[in-house]
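Listed below, chain by chain, are the residues.
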Amino acid sequence: MVAWAEWLRHEEIEDPADLEGIAAALWAVLIPEAWGPDHLAAVPLPLHTVLSTTEAAAQARLNQVAMLKLCGATGLKAPTAALLEVQSHRCLRVQQGANQMAALPVAAEVIVLWCPANDLAGWCCVPEGRPGAELLPLVRREGRLPQ
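Engineer: Teacher, can you tell me more about the nonpolar core here?
Structural biologist: Ala5, Leu8, Ile13, Leu19, Leu83 and Leu135 are the most contacted members of the largest nonpolar core, which totals 13 residues. Ignoring anything within four residues of it in the chain, the contact list for Leu83 reads Met1, Val2, Ala5, Ala108, Leu135, Leu138 and Arg140. Leu45, Val50, Ala73 and Ala78 belong to the second largest nonpolar core, which has 10 residues in total.

If you want it as structure tokens, here you go:
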């Protein structure tokens, strides 16, 4: 859901009719268990700076990435800019043989890596996926940033 929300926000798609014809592969990448905060740094910027589209916020993010690279980080973790609810996201759980909708008590995050992809194991988990129209109202748009 986070990957599609990030893509829909970036492409500025708001109309369900614009979803027709969209299809993309989604890949999973195995992050090594040995990677700690030195490899995958949490972004110490305020949430508003992470989510804002102003020039000053964009420059602050670029400066943060440059600093993390200089410190030897392989990537970073940040709250997703694309979902209105960053504190939890819905999933389907199987409990006692039945499907139940639930909210995971995990913040929706984005992981950005700048290491060579051949250093990580990955696989295509969805060869041709499509975002559903139910995702559109959950996508953060310009002017809907937390204070």
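That covers the picture; the talk isn't over yet.
Engineer: In this structure, what is going on with the packing of aromatic side chains? I would like to understand it.
Structural biologist: Aromatic rings considered in pairs are described by the distance between their centres and by the relative angle of their planes. A full pass over the atoms with the stated rule returns 1 aromatic pair. Pairing Trp4 with Trp7 gives two aromatic rings, centres 6.0 Å apart and planes at 85°, and the pair type is edge-to-face. Of this pair, Trp4 and Trp7 both sit in helix H1 (residues 2-11), 3 residues apart, roughly one helical turn. For Trp4, a relative accessible area of 10% translates into the label buried. If you follow Lys69 out to its NZ or CZ, it ends over the ring of Trp114, 5.3 Å from the centre.

Engineer: Looking at this structure, how should I read helix H3 (residues 55-70)?
Structural biologist: Working note: α-helix, 3.6 residues per turn, so residues spaced by three or four point in the same direction. Compared with the 22 Å implied by 1.5 Å per residue over 16 residues, the 23 Å span of H3 between its first and last C-alpha is a close match. Here H3 has its buried residues at Ala57, Gln64 and Leu68. Down the axis of H3, the buried side of the element spans an arc of 30°, and every buried residue falls inside it. Looking at H3, the residues exposed on the side facing more than 90 degrees away from the buried face are Glu55, Ala56, Leu62 and Leu70. On its buried face, H3 sits against strand S2 (40-42), helix H2 (47-51) and strand S3 (75-79). Immediately beyond the C-terminal end of H3, within one or two residues, lies Gly72, with a positive phi of roughly 95°.

Quick notes on the rules
- Residues numbered from 1 in each chain as written.
- Predicted model: local features only at pLDDT ≥ 70, side-chain atom pairs only at ≥ 80, totals over all residues.
- Heavy atoms only, no water.
- Core = buried A, V, L, I, M, F, W, Y, C linked by side-chain atoms within 4.5 Å.
- Buried < 20%, exposed > 50% of the residue type's maximum accessible area, 1.4 Å probe, protein only.
- Contact = heavy atoms within 4.5 Å.
- Phe/Tyr/Trp six-rings, centres within 6.5 Å; stacked < 30°, edge-to-face > 60°.
- Helix = DSSP H or I, 4+ residues; strand = E, 2+ residues; numbered from the N terminus.
- Lys NZ or Arg CZ within 6 Å of the ring centre and 35° of its normal.
- Expected span 1.5 Å × (residues − 1).
- Arc of directions from axis to C-beta.

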